[in-house]
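Analysis of the macromolecular model
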Amino acid sequence: QGGGVDKYYKLTADIDMNFGCNETNDSWQPISRADLNVLWSGTFDGDGYTLTNLHMSFQGNDKIGVALFGVIQGATIRNLHIDNSSIQSDALTAGFVAAAMGGTVSNCHLGENVTINSTYQAYAAGIVCGVFGDPIQISDCSSQASISAVGMGVAGILASCGVNGNVVKRCVNDGELSSNSGIVGGIVGQVEDGGS
C-alpha cells in the first residue's frame, strides 16, 4: 500500500496471484488507493512478465478507482502483461491504472481472458481509466479484455481525460466494449480537453 516514492520495482518471473496468500478469498487490494490517500509515484517494470489470476471486486461509495494501481502521480508503469483476471468496482475501473495524475504507461497488455467492469457508474478502461490534474503518456499498449460500464466513458485504452496534453500512441484494442450510456471508444472514450 506504500506510495512508492522514488522506488523502483522489477519483476523477475511470471506471478500467479492465486498462490495461497489470499486464503480468505478476499479481493486483492490496489497497490495504491484513493480512499486511503496513497499515491504511487515510483517505477514498476514488469520486464515482460505476466500476472495471472488477479481478481479484484469492490462495491460501495469509497470503492472506486480500482485497478492494479489505484492512483498514480508522475509514476512509470511498463513492460507488464495481465491475463486470466477480473477487476470490478462501482466506478473508475481499469486493468493497470484507475486514476492518473501524470506519468507514463508503456508496453502494458491485457489478455483476452480479462474482464473489467464498472457496475454502478461511469468509466472503465483497459489500460488507464481517468486522467486528472497532469497529463499522461500511454504508448505501445494493447487490450483484448472485455470491458463494460453502466455509465459513459468506456474504452480499450483510456476511458476519460479531463486535462490537456495527454498522448496516446501505438496502442491497439481488440476487446469487446459495452455501455448503456454511450461514449464508447476503441482507443479513447471521453475527451474533455486536447491531446494527441
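Everything below is about the structure shown above.
All of the points below concern the structure found in this document. Bear in mind the structure is a predicted one, so any value in this text is a computation, not a measurement. (Residues numbered from 1 in each chain as written. Predicted model: local features only at pLDDT ≥ 70, side-chain atom pairs only at ≥ 80, totals over all residues. Heavy atoms only, no water.)

Quick look at the packing of aromatic side chains
The final tally for this structure, using the stated rule, is three aromatic pairs. Relative to W40, the ring of Y9 has its centre 5.6 Å away and its plane inclined at 45 degrees; by these criteria the two rings are tilted. With Y9 in strand 1 (residues 8-10) and W40 in the loop between strand 2 (15-16) and strand 3 (43-52), this residue pair connects regions lying 31 residues apart in the sequence. Overall, W40 belongs to the buried group, its relative accessible area being 5%. Residues W40 and F69 carry aromatic rings whose centres are separated by 5.4 Å and whose planes lie at 55 degrees to one another, so their mutual orientation is tilted. Separated by 29 residues along the polypeptide, W40 in the loop between strand 2 and strand 3 and F69 in strand 5 (residues 69-83) bring together distant segments of the chain. With respect to burial, W40 and F69 carry one shared label: buried. An aromatic cluster is defined as three or more aromatic residues linked by ring pairs; in this entry it consists of Y9, W40, F44 and F69. (Phe/Tyr/Trp six-rings, centres within 6.5 Å; stacked < 30°, edge-to-face > 60°. Helix = DSSP H or I, 4+ residues; strand = E, 2+ residues; numbered from the N terminus. Buried < 20%, exposed > 50% of the residue type's maximum accessible area, 1.4 Å probe, protein only.)

Thoughts on the pairing of strand 14 (residues 146-149)
Bridge count for strand 9 (residues 114-118) against strand 14 is four bridges, and the pairing is parallel. The residue of strand 14 that forms the bridge with I116 is I147. Bridging between strand 14 and strand 19 (residues 177-179) involves three bridges; their strand directions are parallel. Residue pairing in the sheet places I147 in a bridge with L177 of strand 19. (Pairing = 2+ DSSP bridges.)

Overview of the nonpolar core
V97, V105, V128 and I138 are the most contacted members of the largest nonpolar core, which has 43 residues in total. The element best represented in this core is strand 5, accounting for six residues. Apart from the residues within four sequence positions on either side, I138 is in contact with V105, I127, V128, I157, L158, V167, V168, K169 and C171. Among the nonpolar cores identified, the runner-up in size contains eleven residues, and A67, L92, Y123 and A159 belong to it. (Core = buried A, V, L, I, M, F, W, Y, C linked by side-chain atoms within 4.5 Å. Contact = heavy atoms within 4.5 Å.)

Thoughts on the side chain of D45
Relative to the helices and strands, D45 is located in strand 3. With relative accessibility at 5%, the residue D45 sits in the buried group.

Some details on the state of the cysteines
Using the criterion set out here, one finds zero disulfides in the structure. A disulfide-free cysteine, C129 has its sulfur positioned 11 Å from the sulfur of C161, the nearest such atom. Here C171 stays unpaired: no disulfide links it, and the sulfur of C141, its closest cysteine neighbor, is 4.8 Å away. Here C171 falls in the buried class, since its relative accessible area comes to 14%. (Disulfide = S-S within 2.5 Å.)

Examining unusual backbone geometry
Residue N53 is not a glycine yet carries a positive backbone phi of 55 degrees. With respect to the helices and strands, the residue N53 is situated in the loop between strand 3 and strand 4 (55-57). Located in the positive-phi region is L92, a residue other than glycine, with phi close to 55 degrees. Its location among the elements puts L92 in the loop between strand 6 (85-89) and strand 7 (93-94).

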